[in-house]
Amino acid sequence: MRHHWQLHIIGGRRLCGTVEVSGSKNAALPMMAAAILAEGPVRLEQVPALADVDTLTLVLAELGVAAERSSQGNLVLETIDAEPVRASYELVRRMRASFCVLGPLLARRGRAVVSLPGGCNIGPRPVDLHLKGLAALGAEIEIRHGYVHARANGLRGATIRLSGLRGSTVTGTANVLCAAVLARGETVLLDAAQEPEIADLARLLIAMGARIDGVGTATLRVRGVDRLEGATHRVIPDRIEAATMALAVAATRGCATIAGVVPEHLEAVVAKLRQAGCDVEVGEDCLAVEATRRLEPVEIVARPCPGIPSDIQAQWMATLALARGQSRVTDRVFPGRFTHVAELHRLGARIEMIDGTAVITGMERLSGARVVASDLRASAALVVGGLAAEGETIVAQADHLDRGYQQLDAKVARLGGVVRRGPISDEEQCESVREREQGCAS
Ligand code: EPU
């Protein structure tokens, strides 16, 4: 990824006020891919303005799907050329979620050639369950020269278990569900991902004419239909962004309202914040978070939904670095997702990795420093840490933030945080060129 800016934070201010969250990245991306299935325009509302959304728009453009975006966050997607079936390595390696075009292409166009996404900073990310599911629906799948070549002469329903050693797969469920909706007969997906983003995708598919029962549960029953129409759908709010903001408020001992959320999507996080001694009031579509004193230590185990999401494990760690005692953080979804630990050390956090668990000894204060973001959620953790630390923190490679947070810096500023985007340093420039030359995937 090319780096354009770094984030300067002056820490130590309590975050107070009201902030509104944007639409969900991880709901919007598979929905955009699902537009391939429709015979008419798919209009998505509350699509966040993110680099990842732009990347998928490029992938879809290569696949003959035109996108029109309005300033209100609406995105209309419509197939203008149903011939192309190839998603190239250049784009898929930039963003793994591009792999979500596989199921829709196969179901609608009978053929797909999609690059394998390759490695990433948060650990191995196999796609065996995606392929197993599509093969069970009757696809012929081959891997050649780094690409998945999938072909089907009419998919047919099947019973498919979508879990592996680490539980269910989120984008794997999206891929197989998007293929099953056009398969002949009934498909039963067992151990389907229960994440709200998958339920939201299912609601879009239903609006397009799909027949799906069990939405939001681990068993999805799909009765295949012959065709799907266009539809209009509003993307759910981003629960990861909401949780990140709530943790930034807690870490700075602030008092703020996180508005425009679906509280049911945040239950595990709210329960944990309360356990840590934070006051959280849950409104109809908002959370009021107040932390008047140092947090108590807690144990965080990131798990698939309904557990605490892996995508906020890093932000929890930054917050707990200031708790009054020893906390533990384990990630059961991506057990090696800990690149943020070494950078949090630079802010003065005391974190020791013991058998895959981060043991965090809370400090009375953190102190600002120059740090480097390694991926999207690691960047968010460094922002949380920097906001809570004394003095200046400079987060290099902060472009990662724009992949998944719509104007996080502006939102933080609205709560009284002192943040500004600055140009990258010469050193960063060299790093960025080196990374590009090495073909680093994120
Ligand atoms: N897994 C397999 N085989 C597969 C697929 C997954 O073994 O075929 C394993 C993975 O290695 C991992 C676990 O299953 O250990 C769960 O992975 P999953 O497939 O659910 O992750 P994903 O679909 O690739 C989505 C999000 C991630 C989020 C994870 C977990 C999108 C676009 N991405 O990834 O989001 O961390 O689910 O909730 O929805 C992020 O937003 O920063 C991000 C990385």
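Keep in mind it's a predicted model, so treat the numbers as computed, not measured.

K.L.:
Please give an account of the packing of aromatic side chains that cites residues and values.
P.N.:
Under the defined criterion, the tally for this structure stands at zero aromatic pairs. Against the face of Tyr-147 rests Arg-86, its NZ or CZ located 4.3 Å from the ring centre. Taking the ring centre of Trp-5 as reference, the NZ or CZ of Arg-421 above it sits at 3.7 Å.

K.L.:
Any chance you could break down the sheet that holds strand β25 (residues 392-396) for me, citing the residues and the numbers?
P.N.:
To summarise the sheet geometry, strands pair through backbone hydrogen bonds and adopt either a parallel or an antiparallel arrangement. With mixed pairing, four strands are arranged side by side in an open sheet as β24-β25-β1-β26. Looking at which strands have only one partner, the edges of the open sheet turn out to be β24 (370-372) and β26 (418-423). Across the sheet, the mean angle from the axis of one strand to that of its neighbour is 25 degrees, orientation sign disregarded. In terms of strand pairing, strand β1 (residues 5-10) meets β26 through six bridges, oriented antiparallel. Each residue of the ladder has a partner; that of Trp-5, found in β26, is Pro-423. Set on the sheet, helix α12 (residues 376-388) makes contact with β1, β24, β25 and β26; between it and β1 the angle comes to about 30 degrees.

K.L.:
A description of the packing of helix α4 (residues 102-109) against helix α6 (residues 170-180) should follow, citing residues and the corresponding values.
P.N.:
Relative orientation of the contacting elements α4 and α6 amounts to 10 degrees, with a least axis distance of 7 Å. Our classification of the angle between α4 and α6 gives roughly parallel. Between α4 and α6, the contacting residues are Leu-102, Gly-103, Pro-104 and Ala-107 on the first element and Asn-175, Cys-178 and Ala-179 on the second.

K.L.:
So what's going on with the pattern of salt bridges? Which residues, and what values?
P.N.:
Scanning all chains against the criterion turns up 18 salt bridges. Measuring nitrogen to oxygen at the nearest pair gives 3.6 Å for the salt bridge that ties Arg-43 to Glu-45. With relative accessibility at 33%, the residue Arg-43 sits in the partly exposed group. Here Asp-409 makes a salt bridge to Arg-421, at a shortest N to O gap of 2.6 Å. Residue Asp-409 is located in helix α14 (residues 408-414), and its partner Arg-421 is located in strand β26; the two are separated by twelve residues in the primary sequence. When its relative accessible area of 35% is taken as the criterion, Arg-421 is described as partly exposed. Salt bridges linked by common partners bring Glu-39, Arg-108, Arg-227 and Glu-229 together as one network.

K.L.:
Describe the site of the ligand, and please don't skip the residues or the numbers.
P.N.:
Residues in close proximity to the ligand total 22 residues, the closest being Leu-129, Thr-169, Thr-171, Asp-311 and Val-333. Elements with a minimum of two residues in the shell around the ligand: α1 (25-34), α5 (128-136), α6 and α12. Sort the elements by how many residues they give to the shell around the ligand and α5 lands first, with three residues.

K.L.:
Go over the environment of Asp-355 with me, naming the residues and quoting the values.
P.N.:
Looking at where Asp-355 falls in the secondary structure, it is placed in the loop between β22 (350-354) and β23 (357-361). With 25 residues separating them in the primary sequence, Asp-355 and Thr-330 have C-alpha atoms 9.6 Å apart.

K.L.:
Lay out the packing of helix α8 (residues 239-251) against α12 in plain terms, naming residues and giving numbers.
P.N.:
In the contact formed by α8 and α12, the axes pass within 8 Å of each other and the chain directions differ by 25 degrees. The angle between α8 and α12 falls in the class roughly parallel. Classified by chirality, the crossing of α12 by α8 is right-handed. Between α8 and α12, the residues in contact are Ile-240, Thr-244, Leu-247, Ala-248 and Ala-251 and Arg-377, Ala-380, Val-384, Leu-387 and Ala-388, respectively. Along the lines of polarity and charge, the residues of the contact of α8 with α12 split into eight nonpolar, one polar and one charged.

K.L.:
Lay out α12 in plain terms, naming residues and giving numbers.
P.N.:
Across its 13 residues, α12 extends 19 Å between first and last C-alpha, which sits within 8% of the 18 Å expected from 1.5 Å per residue. Residue Asp-375 occupies the N-cap position of α12, its side-chain oxygen lying 2.8 Å from the main-chain nitrogen of Arg-377.

K.L.:
Talk me through the state of the cysteines; I want residue IDs and the actual numbers.
P.N.:
This model, assessed by the stated rule, comprises zero disulfides. Here Cys-16 is not cross-linked by a disulfide; its sulfur's nearest cysteine counterpart is in Cys-255, at 5.5 Å. Not engaged in a disulfide, the cysteine Cys-286 finds its nearest cysteine sulfur in Cys-255; these two sulfurs lie 12 Å apart.

K.L.:
Which residues make up the nonpolar core, and what are the values?
P.N.:
Membership of the largest hydrophobic core comes to 76 residues, with the highest contact counts inside it found for Leu-37, Val-101 and Leu-205. The leading source of residues in this core is α1, at seven residues. Excluding residues that lie within four positions of it along the chain, Val-101 makes contacts with Ala-33, Ile-36, Leu-56, Val-59, Leu-60, Leu-63, Ala-87, Val-114 and Asn-175. Grouped together as the second largest cluster of nonpolar side chains are 72 residues, Leu-15, Leu-295, Ala-321 and Ala-380 included.

K.L.:
Tell me about the sheet that holds strand β3 (residues 42-45), and name the residues and values.
P.N.:
The four strands are arranged β4-β5-β3-β16 in an open sheet whose pairing can be described as mixed. Across the chains shown, the open sheet's two edge strands, defined by having one partner strand only, are β4 (65-69) and β16 (231-234). Averaged over all pairs of adjacent strands, the angle between strand axes in this sheet comes to 15 degrees, irrespective of strand direction. Inspection of the sheet shows β3 paired to β16 by four bridges, in the parallel sense. Following the sheet pairing, Val-42 is matched in β16 by Ala-231. Sheet contacts for helix α7 (residues 196-207): β3 and β16; angle to β16, the most-contacted strand, approximately 155 degrees.

K.L.:
Hey, could you go over helix α10 (residues 313-320) for me, with residue numbers and the actual values?
P.N.:
With eight of eight residues buried, α10 is to be regarded as a mostly interior element. Within the sequence span of α10, burial applies to Gln-313, Ala-314, Gln-315, Trp-316, Met-317, Ala-318, Thr-319 and Leu-320.

K.L.:
Please set out unusual backbone geometry residue by residue, giving values where relevant.
P.N.:
Trans is the prevailing form of peptide bonds, just as negative phi is the prevailing case for residues other than glycine. In the segment running from Cys-305 into Pro-306, the intervening peptide bond is cis, with an omega of 10 degrees. With respect to the secondary-structure elements, Pro-306 resides in the loop between β20 (299-302) and α10. The residue Asp-191 is not glycine, and still its phi comes out positive at about 55 degrees. Structurally, the position occupied by Asp-191 is in the loop between β13 (186-190) and α7. One non-glycine residue, Gln-407, lies in the positive phi region at around 50 degrees. One can find Gln-407 in the loop between α13 (399-404) and α14. Since its relative accessible area comes to 48%, Gln-407 is described here as partly exposed.

What counts, and where the lines are drawn
Residues numbered from 1 in each chain as written. Predicted model: local features only at pLDDT ≥ 70, side-chain atom pairs only at ≥ 80, totals over all residues. Heavy atoms only, no water. Phe/Tyr/Trp six-rings, centres within 6.5 Å; stacked < 30°, edge-to-face > 60°. Lys NZ or Arg CZ within 6 Å of the ring centre and 35° of its normal. Pairing = 2+ DSSP bridges. Helix = DSSP H or I, 4+ residues; strand = E, 2+ residues; numbered from the N terminus. Axes fitted to C-alpha atoms, helices over the stretch in contact; angles between N-to-C directions. Contact = heavy atoms within 4.5 Å. Parallel < 35°, antiparallel > 145°, perpendicular 65-115°, else oblique. Salt bridge = Lys/Arg side-chain N within 4 Å of Asp/Glu carboxyl O. Buried < 20%, exposed > 50% of the residue type's maximum accessible area, 1.4 Å probe, protein only. Near = heavy atom within 4 Å. Left-handed = near helix turned anticlockwise from the far one by under 90°. Nonpolar A, V, L, I, M, F, W, Y, C, P; charged D, E, K, R; others polar. Expected span 1.5 Å × (residues − 1). Polar contact = N/O pair within 3.5 Å; in protein donor to acceptor, adjacent residues only side chain to side chain. Disulfide = S-S within 2.5 Å. Core = buried A, V, L, I, M, F, W, Y, C linked by side-chain atoms within 4.5 Å.

Any link to function would need more than the numbers given here.
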